Amino acid sequence: MPIFWSFRRCPYAMRARLAVQCSGVAVELREILLKDKPAAFLDTSTSATVPALKEGDLILDESLEIMFWALNKSDPLGWLAMPEGGHDLIAECDGPFKSALDHTKYAVRYPDLDETEKRAKASIFLRKLNTLLAEKAYLLGNNPNLADMAILPFVRQFANTDRAWFDAQDWPALIRWLDRFLDSAEFAAIMTKYPPWVPDQEPVVFPS
């Protein structure tokens, strides 16, 4: 069974778990603490970051790679069938938006940067998403696809930096999209709490 290393609150690990769950491909989930990474995890992940997946000699160390790995095995909801623009949205999320998100969420680490300016920069992407969502349920249509599931965990992380501020902004479609995700059974299933992995423990099979 493939071994899947994860950290519950990491948005990269969240989106990988979403794809694995959607595919139904069983993996052995190993939850870690980022402040106490086990040697077996470090032997797998060259970047020492989650998520990481090992299947035989194959090692995947990037969340999008794991999403494609799972969905190429089984894609019952058709997440991979998205317009080409979806890939551009994911790239924008992982690039400029994630940078502005980090500078906002961890502002204390960047005393030389203007937190308000970085939040405004992140908001450019969020307003773009709101425009896409204004007339349809999901980013690229009326059904979720890879772009939605790759981006939602990061919008969640940004919203959680100051949910009152987030909810006060003029992006109602974006708020509905996020809240529907947070209220979904799919989100609840990937956020189950597991104790940190230790050697020789009984395997945790995911999805259960």
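Procedures and definitions
- Residues numbered from 1 in each chain as written.
- Predicted model: local features only at pLDDT ≥ 70, side-chain atom pairs only at ≥ 80, totals over all residues.
- Heavy atoms only, no water.
- Pairing = 2+ DSSP bridges.
- Helix = DSSP H or I, 4+ residues; strand = E, 2+ residues; numbered from the N terminus.
- Core = buried A, V, L, I, M, F, W, Y, C linked by side-chain atoms within 4.5 Å.
- Buried < 20%, exposed > 50% of the residue type's maximum accessible area, 1.4 Å probe, protein only.
- Contact = heavy atoms within 4.5 Å.
- Salt bridge = Lys/Arg side-chain N within 4 Å of Asp/Glu carboxyl O.

We now examine the sheet that holds strand S3 (residues 52-55). An order of S4-S3-S1-S2-S5 is seen for the five strands of this open sheet, with the pairing classed as mixed. Looking along the sheet, the strands with just one partner apiece sit at the ends: strand S4 (58-60) and strand S5 (205-206). Examined bridge by bridge, S3 and S4 share three bridges and lie antiparallel to one another. Paired with leucine 53 across the two strands is leucine 60, which belongs to S4.

In terms of nonpolar packing, the biggest core is built from 55 residues, with Leu129, Ile151, Phe166 and Trp177 touching the most fellow members. No other element matches the ten residues that helix H6 (residues 146-161) contributes to this core. Other than its neighbours up to four places away in sequence, leucine 129 contacts Leu89, Leu139, Ile151, Val155, Leu174 and Trp177. With ten residues, the next largest nonpolar core counts Cys10, Ala13, Ile32 and Trp197 among its residues.

To continue, consider the pattern of salt bridges. Per the stated rule, a full pass over the model turns up eight salt bridges. One salt bridge in this structure joins arginine 15 and aspartate 94, with 2.8 Å as the shortest N-O distance. Taken together, the positions of arginine 15 in helix H1 (residues 11-23) and aspartate 94 in helix H4 (residues 85-105) put the pair 79 residues apart, joining distant regions of the chain. With a closest N to O distance of 2.9 Å, arginine 163 and aspartate 179 form a salt bridge. With arginine 163 in helix H7 (residues 163-167) and aspartate 179 in helix H8 (residues 172-182), the pair connects residues that are 16 residues apart, well separated along the chain. Each of Arg163, Asp167 and Asp179 takes part in a single network of salt bridges with overlapping partners.

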